[in-house]
Amino acid sequence: MLWPPTPDTKPVSDAGLERIYAYPDGLTEPWVQVNFVSSADGAATLDGHSEGLSHPADKRIFMLGRDLADVVLVGAGTATTEEYAGVKRGERRRERRQRLGLAEVPPIAVVSARCSLPTDCPLLTDTRVPPIVFTTDAAPHERHTALADAGAEVVVAGDGHVHLPSVLHELGERGLLRVNCEGGPRLLASMVAADLVDQLCLTVAPVLAGAGAERIVRGAVTEAPRDLALASVLHEDGFLMLRYRRP
Ligand SMILES: NC(=O)c1ccc[n+]([C@@H]2O[C@H](COP(=O)([O-])OP(=O)(O)OC[C@H]3O[C@@H](n4cnc5c(N)ncnc54)[C@H](OP(=O)(O)O)[C@@H]3O)[C@@H](O)[C@H]2O)c1
């Protein structure tokens, strides 16, 4: 919805949202959309979680991000803090993905240099499809084996740190081209530093979190700022749902 609304401003339908957030047609290599929510003063969390910054409209777009993707990419910190499980197969998701010719649910791919996920985490125990864990040769090999035995597909993509271009290459080899990255801040910082972000879906919550909380990027430093072009703006209850694309 445009702001300020006029008498003929209409809410965006599900079909309209699908058109706005559609991945580009004819992809031949992975294309990365990133989803984040931030307070108006730039905090990525309230009390250590993103939940307090969210809104049903933000959740609708977050869920749509999963609906339209071939794979969900997430850092081990977020997967653990937010207690990630496999993507669920709701009625709307099933209809949408079937209609768009996508797999029943997208797998979750986790970036973990240390291969640190616990073997009893919901990502492994509560999922319809095996998660993919991108890790390093430096991680203890018992961890590789433990996660593989617990049902993960373990892929080594680097020595001391996970090499993100290799991660995307591996996803591309599996035909997983529509990549929906759900963070968190350390993974995003590395993605920005490697210039791998094609689209940022950023919800700005109408709240001042104050000092203390992290920004949506933390860690790896980027040599030069990456320009973005504003692609769409939606608004509900004071929340702004912004979509920026690589120009
Ligand atoms: N506002 C939002 O929209 C939003 C979104 C997502 C998360 N969050 C919040 O962010 C917090 C988690 O932050 P975080 O920065 O720890 O999470 P993160 O980026 O999800 O995870 C960081 C972890 O990812 C692994 N990693 C491996 N290779 C990496 C690489 N090349 N670059 C970056 N990370 C790599 C490391 O795991 P190992 O230690 O296993 O090697 C690292 O500790 C939570 O509080 C969560 O609620 C907020």
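Residues numbered from 1 in each chain as written. Predicted model: local features only at pLDDT ≥ 70, side-chain atom pairs only at ≥ 80, totals over all residues.

Concerning the overall build of the chain
Move 1: Within the chain, the regular secondary structure consists of eight helices and nine strands.
Move 2: When burial is assessed residue by residue, the chain has 36% of its 247 residues classed as buried.
Move 3: Nonlocal contacts in the chain, meaning residues at least 24 apart in sequence, comprise 70% of its contacts between residues at least 6 apart. (Helix = DSSP H or I, 4+ residues; strand = E, 2+ residues; numbered from the N terminus. Buried ≥ 20, exposed ≤ 12 C-beta atoms within 10 Å, placed from the backbone. Contact = placed C-beta atoms within 7 Å.)

Some details on the sheet that holds strand β2 (residues 71–75)
Move 1: Strand order in the open sheet formed by nine strands is β5-β4-β3-β2-β6-β1-β7-β9-β8, and the pairing between neighbours is mixed. The sheet is open, and its two borders are formed by β5 (153–156) and β8 (229–236), each paired with just one other strand. When strand polarity is set aside, the average angle formed by the axes of neighbouring strands in this sheet is 20°.
Move 2: Across seven bridges, strand β1 (residues 31–39) lies against strand β7 (residues 199–205) in parallel orientation. (Pairing = 2+ DSSP bridges. Axes fitted to C-alpha atoms, helices over the stretch in contact; angles between N-to-C directions.)

Points about the nonpolar core
Move 1: A109, V110, V133, F134 and V179 are the most contacted members of the largest nonpolar core, which has 62 residues in total.
Move 2: Contacts of V179, omitting those with residues within four sequence positions, involve P30, W31, V32, Q33, A69, V71, L73, L168 and L171. (Core = buried A, V, L, I, M, F, W, Y, C linked by C-beta atoms within 7 Å.)

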